[in-house]
Amino acid sequence: MKRSKLPAKSLLRSRLKEGDFLDCFSVASNLSPRRAAEIITDFPAWAMVLVRLRGFLVAPFGLSKTGPDADDMVGIFPVEHDDEIELIAGFNDRHLDFRVSVLSEGGRVSLATWVHRHNLGGRLYLAAILPFHILIARNALARVSHASA
């Protein structure tokens, strides 16, 4: 797995504005975006503990614990776009909007996370979770790589 640039074909490009957060990691894999996203969002037990802890900690601030229900979801995230090369999931909340992109092209799967912070709460929240986000993203792509072998 390596840190990478957002693929040129990613629909996340249209969302990017100055000051937004964006990271992207990629791994060698021929999995479809849907299959890779299913693996990525099938969090291991330690990550689910962090997700539950996050839900408990943000509840007093009126933030979503898991996100809205939707007809199409991967893990706890509603899917907003799904085609042969990219799946985008995520939602808007009071403090920030976020989307994850899983893009499969040329024998690589890229996992990108875009965040648009609305206020100080969004900035503080992102700063607090960023180390955990990176651990979860790296673990997720390691599992995608393993599933591709």
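The following refers to the structure shown. Along every chain, residues carry numbers that run from 1 in the direction the sequence is written. Reporting of local features is limited, given that this is a predicted model, to residues whose pLDDT is at least 70; pairs of side-chain atoms are given and counted only at 80 or more, and all residues count toward the totals for whole chains, interfaces and linings. Hydrogens and water are ignored here; the side-chain numbers use all heavy atoms of the structure.

A carboxyl oxygen of Asp or Glu within 4 Å of a side-chain nitrogen of Lys or Arg is what we treat as a salt bridge. What the rule picks out here adds up to six salt bridges. Residue arginine 15 pairs with glutamate 80 through a salt bridge whose shortest N-O separation is 2.1 Å. Placement of arginine 15 in the loop between strand S1 (2-3) and strand S2 (21-28) and of glutamate 80 in strand S4 (residues 77-82) is noted, with a sequence separation of 65 residues between them. Judged by relative accessible area, which is 23%, arginine 15 ranks as partly exposed. When the shortest N-O distance is used, the salt bridge between glutamate 38 and arginine 35 registers 3.5 Å. Within this pair, glutamate 38 and its partner arginine 35 are both found in helix H1 (residues 33-40), separated by three residues, close to a single helical turn. Through salt bridges with shared partners, a single network forms among Arg15, Glu80 and Arg99. Starting at the N terminus, helices and strands are each numbered in turn, a helix being any DSSP run of H or I of at least four residues and a strand any DSSP run of E of at least two. Burial classes follow relative accessibility: with a 1.4 Å probe on protein chains only, a residue under 20% of its type's maximum area counts as buried, one over 50% as exposed, and anything between as partly exposed.

On to H1, then. Those residues of H1 lying buried are Pro33, Ala36, Ala37, Ile39 and Ile40. Projected down its long axis, H1 carries its buried residues within an arc of 160°, all on one side. In this description, contact between two residues means that some pair of their heavy atoms is separated by no more than 4.5 Å. Of the surrounding elements, those touching the buried residues of H1 are strand S3 (73-74), strand S5 (86-92), strand S6 (96-105), strand S7 (108-117) and helix H3 (120-148). The arc in question is the one traced by the directions running from the helix axis out to the C-beta atoms.

With that settled, consider the sheet that holds S6. Read from one edge to the other, the open sheet built from seven strands follows the order S1-S2-S7-S6-S5-S4-S3, with strand pairing classed as antiparallel. With one partner strand each, in any of the chains shown, S1 and S3 form the two edges of the open sheet. Bridge analysis of S6 against S7 gives 10 bridges, and the strand direction is antiparallel. In the sheet register, serine 101 faces S7, and the bridge partner there is alanine 112. In the packing of H1 onto the sheet, the strands contacted are S3, S4, S5, S6 and S7, and the crossing angle to S6 comes to about 125°. Under this scheme, a helix contributes an axis fitted over its contacting stretch, all axes are lines through C-alpha atoms, and angles between N-to-C directions fall in the 0 to 180 degree range. Relative to S2, H3 is tilted by about 15°, and along the sheet it contacts S1, S2, S6 and S7. Strands are treated as partners if at least two bridges between them are detected by DSSP.

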